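Chain residues, written in single-letter form:
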Amino acid sequence: MSVLLTGGLGYIGSHTAVELLEDGKQVVVIDNLSNSNIDVADKIKKIVGSRCAENLKVYIGDVRDKKILDKIFTEEHIDSVIHFAGLKAVGESVQKPVEYYDNNLTSTLVLLNTMKHFNVKNFVFSSSATVYGRAKSMPIYEDFEIGATNPYGQTKLFIEQILKDLYLSDNSYNIAILRYFNPIGAHDSGLIGEDPNGIPNNLMPYISKVATGKLECLSVFGNDYDTHDGTGVRDYIHVVDLAKGHLKALNKLKTNCGLKIYNLGTGVGYSVLDIVNAYNKVCGGKVKYKIAPRRPGDIDICYANADKAYKEMGWKAERDLEDMCKTSWNFENKNTKR
Ligand code: NAD
Ligand code: UD1
């Protein structure tokens, strides 16, 4: 039996494909390459070695295209789906709401309809800490109130609701909603990692590009937040730890768990300047920064309580901040677009 990864050539999907293949699983990927490159398939194969590489099959296509999904579910023995595919830039979602609602919602609906047709009922969904908006206190627990402040976040909320309604209508489904905090870092091989098109919006890829001299200087958005050094605090999690969480979630689905929601974070908050300082230690002090005004829409502090994932799935993040910075730096040097 195979696991279908939608968006499996993207940042989190590619790391998850490696973990699943190394665990001996058969993996089928569908990706439309809108934010990834076909080379990633070869890099995944190189990392896992020839024996496991035989267990990877890649289809290039759009999850909204019912025909290609029918073909995949007919040709492959899919028993579980991890749904990564989607657009993910908050700012862009405000500029292009229709594209975001269409891509993220239509892909999910076409996928769930196809799964229903082929009687596949195991589903893992990539949700986000963004669904907590401005949480009332820290750390954030899974039962906190949810709400969205932008179209990207709305798509995550809508999909979570669709999954809850689906489970209510048929409780033979097993569904894991994984709310990721801030994934950073890259695979130890330096072959796969995060390589966004254009100027990065997120902190870590921006820092990496300043360190290599591709960008001049990091703007630290605000130093007057109510945090230990005044800069924004987040729960950064190594992408390999996050990928391993998906393996644990698939195992959990096998216990007929019903619908479950888990925070995937470390439970530790680091500030922007903590990240800059840690990165400077591994790259030899190349990250120049200046203090800039707050970025509209940002919150001061956000970190998880991830105890539920440990208690119920046996998962916890293991890699530290130094490892996140080292692997980002290694990937940036080896791989990213010039
Ligand atoms: P990514 O952009 O690197 O990967 C998404 C992949 O999906 C890309 O390879 C893209 O080409 C593909 N894709 C997009 N729309 C598609 C479609 N309609 N059909 C087929 N393929 C499609 O993003 P990522 O960081 O790996 O994120 C994966 C998921 O996790 C997304 O749903 C994202 O919203 C969610 N998430 C990411 C973060 C983060 O910080 N990276 C945080 C929280 C949640
Ligand atoms: C952002 C999204 C969030 C999404 C997450 C992962 C917003 C408001 N939120 O979260 O929905 O799930 O990315 O894709 O966009 N920072 C700087 N300078 C920079 C970039 C960032 O100081 O050039 C600071 C930010 O102010 C923040 C921290 O770094 O305090 C992390 O920012 P970022 O990596 O963009 O992630 P989030 O804002 O947490």
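The present account deals with the structure reproduced in this document. Here the structure is a predicted model, which is why all the values come from computation and not from measurement. (Residues numbered from 1 in each chain as written. Chains lettered and ligands numbered in written order. Predicted model: local features only at pLDDT ≥ 70, side-chain atom pairs only at ≥ 80, totals over all residues. Heavy atoms only, no water.)

**Considering the packing of aromatic side chains**
The relation between two aromatic rings is expressed through the spacing of the ring centres and the mutual angle of the planes. A complete count under the given rule lists five aromatic pairs for this structure. Above the face of the Tyr225 ring, Arg294 is positioned so that its terminal group lies 4.0 Å from the ring centre. (Phe/Tyr/Trp six-rings, centres within 6.5 Å; stacked < 30°, edge-to-face > 60°. Lys NZ or Arg CZ within 6 Å of the ring centre and 35° of its normal.)

**Considering the site of ligand 2**
Around ligand 2, 17 residues are found, and the nearest of them are Leu203, Ser219, Arg234, Arg295 and Asp298. In this structure, Asn182 approaches ligand 2 through a side-chain N or O atom, which is 2.9 Å from an oxygen atom. Contact between ligand 2 and Asp298: an oxygen atom at 2.6 Å from a side-chain N or O atom of the residue. For ligand 2, the protein covers 85% of the area, taking 740 Å² as the surface of the free molecule. Broken down by element, the shell around ligand 2 gets its largest block of residues, four residues, from strand S8 (residues 218-221). Partitioning the shell around ligand 2 into residue classes produces seven nonpolar, seven polar and three charged. (Near = heavy atom within 4 Å. Polar contact = N/O pair within 3.5 Å; in protein donor to acceptor, adjacent residues only side chain to side chain. Areas by Shrake-Rupley, 256 points an atom, 1.4 Å probe, with all protein chains shown as cover. Helix = DSSP H or I, 4+ residues; strand = E, 2+ residues; numbered from the N terminus. Nonpolar A, V, L, I, M, F, W, Y, C, P; charged D, E, K, R; others polar.)

**A closer look at the sheet that holds strand S5 (residues 122-128)**
Judged by pairing direction, the sheet is parallel, and its seven strands sit side by side in the order S3-S2-S1-S4-S5-S6-S11 without closing on themselves. Looking along the sheet, the strands with just one partner apiece sit at the ends: strand S3 (56-60) and strand S11 (259-264). The average undirected angle you get between the axes of adjacent strands in this sheet is 20°. Pairing between strand S6 (residues 174-180) and S11: six bridges, direction parallel. Across the sheet, residue Ile177 finds its bridge partner in S11, namely Ile261. In the packing of helix H3 (residues 66-75) onto the sheet, the strands contacted are strand S1 (2-6), strand S2 (26-31), S3 and strand S4 (78-83), and the crossing angle to S3 comes to about 160°. The sheet strands contacting helix H8 (residues 239-253) are S1, S4, S5, S6 and S11, and the helix crosses S6 at an angle near 160°. (Pairing = 2+ DSSP bridges. Axes fitted to C-alpha atoms, helices over the stretch in contact; angles between N-to-C directions. Contact = heavy atoms within 4.5 Å.)

**Looking at the pairing of S3**
Where S2 meets S3, five bridges bridge the pair, whose relative direction is parallel. Note on S3: the bridge partner recorded for Ile30 is Tyr59. What joins S2 to S3 is helix H2 (residues 39-53), and the crossover it makes is right-handed. (Right-handed = clockwise from strand over helix to strand, strands pointing away.)

**Considerations on the site of ligand 1**
Taken together, 28 residues are adjacent to ligand 1, and Asp31, Asn35, Ser36, Asn103 and Tyr152 come closest. Here a nitrogen atom of ligand 1 sits 3.0 Å away from a polar atom, N or O, in the side chain of Asp62. In isolation ligand 1 offers 820 Å² of accessible surface; the protein chains occlude 95% of this area. Counting only elements with at least two residues in the shell around ligand 1, the list comes to helix H1 (11-22), S5 and helix H6 (151-169). At three residues, S5 tops the list of elements feeding residues into the shell around ligand 1.

**Some remarks on the pattern of salt bridges**
As enumerated under the stated definition, the model contains 22 salt bridges in all. With a shortest N-O distance of 3.8 Å, Lys96 and Glu92 are connected by a salt bridge. Taking relative accessible area as the criterion, Lys96 reaches 38% and is therefore assigned partly exposed. Relative accessible area serves as the criterion here: at 34%, Glu92 is assigned to the partly exposed category. When the shortest N-O distance is used, the salt bridge between Lys260 and Glu312 registers 3.3 Å. With a gap of 52 residues between them, Lys260 in strand S11 and Glu312 in helix H10 (residues 307-313) connect regions that are remote in the sequence. Among the residues examined, Glu312 registers a relative accessible area of 30% and is labelled partly exposed. The structure contains a network of salt bridges with shared partners spanning Asp195, Lys209, Lys214 and Glu332. (Salt bridge = Lys/Arg side-chain N within 4 Å of Asp/Glu carboxyl O. Buried < 20%, exposed > 50% of the residue type's maximum accessible area, 1.4 Å probe, protein only.)

**Let's talk about helix H7 (residues 203-211)**
The buried fraction of H7 amounts to nine of the nine residues, a majority that puts the element mostly inside the structure. For H7, the set of buried residues is Leu203, Met204, Pro205, Tyr206, Ile207, Ser208, Lys209, Val210 and Ala211. Contacts from the buried residues of H7 go to strand S7 (182-184), S8, strand S10 (236-238), helix H9 (272-283) and helix H11 (321-335).

**Regarding empty space enclosed by the protein**
If a probe as big as a water molecule is rolled over the atoms, it shows which places are left empty. Taken as a whole and assessed by the stated rule, the structure comprises two cavities of 30 Å³ or more. Taken as a whole, the largest cavity encloses approximately 90 Å³ of empty space. What lines the largest cavity is simply Tyr11, Ile184, Gly185, Ala186, Glu194, Met204, Pro205, Ser208, Ser328, Phe331 and Glu332. Contributions of two or more residues to the lining of the largest cavity are made by H7 and H11. Residue composition of the lining of the largest cavity, by class: six nonpolar, three polar and two charged. Approximately 30 Å³ is the volume attributed to the second largest cavity. Every residue lining the second largest cavity is listed: His83, Ala85, Gly86, Asn104, Thr108, Phe125, Lys156 and Ile159. (1 Å grid on protein atoms, 1.4 Å probe; cavity = no way out; pocket = protein on both sides within 12 Å on 5 of 7 lines; lining within 4 Å. Points joined across faces, edges and corners; volume = space filled by probe spheres on them.)

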